Amino acid sequence: MATSAVARDVVFALRQKIAKIEGTLPELLVSPSDNRPPAGVLVRRHGVASARDFFLPTGVERLDEALGGGLLKAALTEIHGTETRNAGAAAGLALCLVSLMLKASQKPGALVLWIGTAEIFREAGLPYAAGLDWLFGLAPERLLFAEAPKPADALWIAEEAARIGELAAVIVELRGNPRSLDLTATRRLHRRAQDAGRPVLLLRQSAEPEATAAPVRLIASPAPASLRHTVAGPLAGSIGPPAISVEIGKSRTALPGKFILEWNPDAHTLEERRHSPEDRVAVVSPSRSRADPQAAVGTVVAFRPAAEPAPGGEPSGEQHPAHRRPRRAG
């Protein structure tokens with residue numbers, strides 16, 4: 001355990017040195033008087049201190065402190081969903097951040113472009129328009145979608161879209177570890193985001209961590225909802241606000257950390273869960289008409305045995321309902 005802690009501190013120190021060389025090291029702006037708290041955060045770029053508003057505060061004090069003030073606005077930020085079934089949590093975190101960006105933006109009516117491949121939209125589904133408006137305050141007409149045939153095309157669209165002044169943010173969503181998403185491609189995306197002064201969110205589903213130019217990588221997964229809290233205390237049998245487990249998987253200036261965040265759909269704010277684990281409830285209640293699946297004996301498989309293939313080697317309509325596309329509820 002001690003060896004692991006020492007190695008982690010060494011890696012953290014190396015990351016700080018790299019950030020200092022690159023001119024992107026956040027530093028606390030301490031007042032001359034020792035009795036006064038830090039006045040804010042500044043960033044050194046090319047050795048020169050700048051007081052520009054570089055960060056988007058998430059509103060979660062511990063997370064913002066770990067990130068040195070929040071997420072960089074003009075930068076590429078990675079959001080990972082390690083499994084396809086976590087696509088809703090990863091997309092939900094991206095939409096939370098976009099909602100915060102729109103609140104902080106001085107451009108009323110700014111648009112958001114969501115880029116993806118046909119494969120990712122088929123596997124993870126499309127966001128639900130009514131949910132976007134209700135949960136995140138994002139009117140459906142402000143969210144644009146671009147479906148690309150290949151990951152390389154999606155990356156090209158993202159690079160070009162980062163230059164468009166009418167966009168508040170660009171989201172590019174890819175599945176797995178495509179060859180075209182290499183270090184060079186992410187460097188181009190990061191540089192475009194810096195030059196344009198707007199965020200580019202790289203939303204990756206079912207991907208293994210690999211070297212990229214993004215300063216921060218956040219790993220998102222579902223978290224059990226807590227009970228809804230009222231003036232009289234926790235409301236039994238209720239389900240509280242959406243919850244997401246967020247882990248700092250990579251940062252040049254922050255140590256790894258894990259947080260349980262809850263999204264307030266009324267105030268459009270992120271909050272860190274402070275309740276005890278006893279407050280948690282299941283995301284989906286168990287079925288009342290069936291036996292507990294945990295008590296089943298034998299091999300449990302995800303799908304029932306496949307029937308005989310349809311003529312011509314194509315799957316039958318029952319096996320492949322192509323006319324039905326999934327949706328990610330907001």
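Rules behind the numbers
Residues numbered from 1 in each chain as written. Predicted model: local features only at pLDDT ≥ 70, side-chain atom pairs only at ≥ 80, totals over all residues. Heavy atoms only, no water. Helix = DSSP H or I, 4+ residues; strand = E, 2+ residues; numbered from the N terminus. Buried < 20%, exposed > 50% of the residue type's maximum accessible area, 1.4 Å probe, protein only. Contact = heavy atoms within 4.5 Å. Areas by Shrake-Rupley, 256 points an atom, 1.4 Å probe, with all protein chains shown as cover. Salt bridge = Lys/Arg side-chain N within 4 Å of Asp/Glu carboxyl O. Core = buried A, V, L, I, M, F, W, Y, C linked by side-chain atoms within 4.5 Å. Pairing = 2+ DSSP bridges. Axes fitted to C-alpha atoms, helices over the stretch in contact; angles between N-to-C directions.

1. Details of the overall build of the protein
Phase 1: Per the secondary structure count, the protein includes seven helices and 18 strands.
Phase 2: Within the protein, the fraction of its 330 residues that count as buried is 40%.
Phase 3: If you take every contact in the protein between residues at least 6 apart in sequence, the share linking residues at least 24 apart comes to 69%.
Phase 4: As displayed, the protein offers around 19200 Å² of accessible surface, 55% of which is attributable to carbon and sulfur atoms.

2. Considerations on the environment of S238
Phase 1: By the secondary structure assignment, S238 is in the loop between β14 (233-235) and β15 (243-251).
Phase 2: Residues S238 and L227 lie eleven residues apart in sequence; the distance between their C-alpha atoms is 5.4 Å.

3. Here's the deal with the pattern of salt bridges
Phase 1: Enumeration over the complete set of coordinates arrives at ten salt bridges.
Phase 2: Across the pair E119 and R175 runs a salt bridge, and its minimum N-O distance is 3.5 Å. One end of the pair, E119, is in helix α4 (residues 118-124); the other, R175, is in strand β10 (residues 167-175), and 56 residues separate them in sequence.
Phase 3: For E119, a relative accessible area of 37% corresponds to the partly exposed category.
Phase 4: One salt bridge in this structure joins E262 and R273, with 3.0 Å as the shortest N-O distance.

4. Quick notes on the nonpolar core
Phase 1: Of all hydrophobic cores here, the largest spans 45 residues; its most connected members are I79, L93, W114, F136 and L203.
Phase 2: Listed in part, the 21 residues of the second largest apolar core include A154, V172, L202 and A214.

5. Here we look at the sheet that holds strand β7 (residues 111-117)
Across a sheet, paired strands are connected by hydrogen bonds in the backbone, their directions being either parallel or antiparallel.
Phase 1: The strand order β9-β7-β10-β11-β6-β12-β15-β16-β17 describes an open sheet built from nine strands, whose pairing is mixed. At either margin of the open sheet sits one strand with a lone partner, and together these are β9 (143-148) and β17 (269-272). Neighbour-to-neighbour, the strand axes of this sheet turn through a mean angle of 25°, independent of strand direction.
Phase 2: Note: strand β12 (residues 216-222) against β15, seven bridges, orientation antiparallel. For I219, the partnering residue across the bridge sits in β15 and is E247.
Phase 3: Strands in contact with helix α6 (residues 151-161) are β7, β9 and β10; relative to β10, the strand with the most contacts, it is inclined by about 170°.
Phase 4: In this fold helix α7 (residues 183-196) packs onto β6 (76-81) and β11 (200-205), with an angle of close to 130° to the strand it touches most, β6.

6. What about the pairing of β15?
Phase 1: Of all nine residues in β15, seven are buried; the element is thus mostly enclosed.
Phase 2: Here β15 pairs with strand β16 (residues 258-264) via five bridges, running antiparallel. Looking across to β16, one finds that I244 is bridged to L261.

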